[in-house]
Amino acid sequence: RECQPRKRHSNEETKMLVQPATVISQQSTMRACTMYSHVPPHQVRLGKTGQQHNGFRAFSSRHVARASRRSRFIVRASSAKQEGVQIPTFLNNTPHLRETRQFFYKDIADSIVRAVEGGEKRMRVKSEFPEMNTDMDVYRIGTALEMIRVMVTELVQDGKRVKICVQGSMGQGVFQGLPLSLAGVRRIMEAMDWGEDMLGNFINLAEVGPDQVQPNDDVIIVFSPTSIVGSSIIPTLEAMCETIGDRPVILFNPRIGDIPSSGGVMQVRGRQGRMDFENTFETVYHFRLLYNKPYHFPIYGALRKSYGAEWEIYKRKSITKKEENYALTPVTFKKEPNAEQITRAIRG
């Protein structure tokens, strides 16, 4: 039998062999690269270790073939664990479609009902798609109120008496004021259709304060508590939570972080106490779009968490000019991921 010379792969064939190994997750790829090239993980992306392809080192065809065979099992194992939800597309088009709003209404309401049934006491929820983002000029108060109505209706159907609290004016003298996003909200709520004989019986409206809590209130929802320049909402919330006791209280889209001002309010003094109080609330639902801050375009993906699940990162993929989707990344987090972790998941 004649001996045939060993076939050498061309550069194009080598690239084709490298390509399957790049579809697996970053962590699995780095493990495969370390196994077959003996390169430390922290040097895999460095250009000094050899020729690169899509950010990874190009190996010999024999090693890449082994890594690609191994990657098939890795891809199957990771995809089997992925579930996620089907996030509506083209969220940068406003006003949103009714189907888009209904998705977010149902998504947050399901998490809240399960959290209350699960025995959670201090909860916080955040839904920040474009029509719910107060930092954008397309913010729509009607969408926020419709979401509150769906949440409250779901709780009332379980036999709960719900109280919705909206903060009033804060500050003193010339510094007295109300956040623009809350202006007129209480009056609109009073004119909304909550259902026959619901308002005043199972659903009640009030301001934020310890004197507004009644013994027959089963669940208290604080609508978008917001600190303003020169006045913090946290002391009022603390006193209110002490009166509520072990009953469920939900902060809806809270903005209670410190806003330093020249008046010496919300400075270093007392900051740790305010942070400790904020940390007593468990995040039972969270959704926001991911941008390259400070810009709100383009949309790179979404960050989502529902009750009982870990933090999920979705990557936005543009298929055609009229078609896109949000793909769930393989990595999930037990705590809210920071900017670096989100960037790695989106670019991985």
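In this text the structure is predicted, and so the values were computed from the model without any measurement.

(A) Summary view of the packing of aromatic side chains. Applying the stated criterion across every chain, the model contains 5 aromatic pairs. Measuring from centroid to centroid gives 5.1 Å for Phe 103 and Phe 104, while their planes differ by 80°, and the two rings are edge-to-face. With a centroid separation of 4.9 Å and an interplanar angle of 55°, the aromatic rings of Phe 104 and Phe 287 are classed as tilted. Highlighted residues: Phe 104 in helix H4 (residues 98-117) and Phe 287 in strand S8 (residues 282-290), separated in sequence by 183 residues. Assigned by exposure class, Phe 104 and Phe 287 land together as buried. Among the aromatic residues, ring-to-ring pairing joins Phe 103, Phe 104, Phe 129 and Phe 287 into one connected group. The ring of Phe 281 has Arg 122 lying over it, and the distance from NZ or CZ to the ring centre is 5.8 Å.

(B) Quick peek at the packing of helix H7 (residues 234-244) against helix H8 (residues 271-279). For the pair H7 and H8, interaxial distance at closest approach is 11 Å and the crossing angle is 50°. When the interaxial angle is binned, H7 and H8 end up oblique. Helix-helix and strand crossings are classified by hand; for H7 and H8 the assignment is left-handed. Where H7 abuts H8, its residues Ile 234, Leu 237, Glu 238 and Cys 241 lie against Gly 273, Arg 274 and Phe 277. Here the contact of H7 with H8 is composed, by residue class, of 4 nonpolar, 1 polar and 2 charged.

Rules behind the numbers
- Residues numbered from 1 in each chain as written.
- Predicted model: local features only at pLDDT ≥ 70, side-chain atom pairs only at ≥ 80, totals over all residues.
- Heavy atoms only, no water.
- Phe/Tyr/Trp six-rings, centres within 6.5 Å; stacked < 30°, edge-to-face > 60°.
- Helix = DSSP H or I, 4+ residues; strand = E, 2+ residues; numbered from the N terminus.
- Buried < 20%, exposed > 50% of the residue type's maximum accessible area, 1.4 Å probe, protein only.
- Lys NZ or Arg CZ within 6 Å of the ring centre and 35° of its normal.
- Axes fitted to C-alpha atoms, helices over the stretch in contact; angles between N-to-C directions.
- Parallel < 35°, antiparallel > 145°, perpendicular 65-115°, else oblique.
- Left-handed = near helix turned anticlockwise from the far one by under 90°.
- Contact = heavy atoms within 4.5 Å.
- Nonpolar A, V, L, I, M, F, W, Y, C, P; charged D, E, K, R; others polar.

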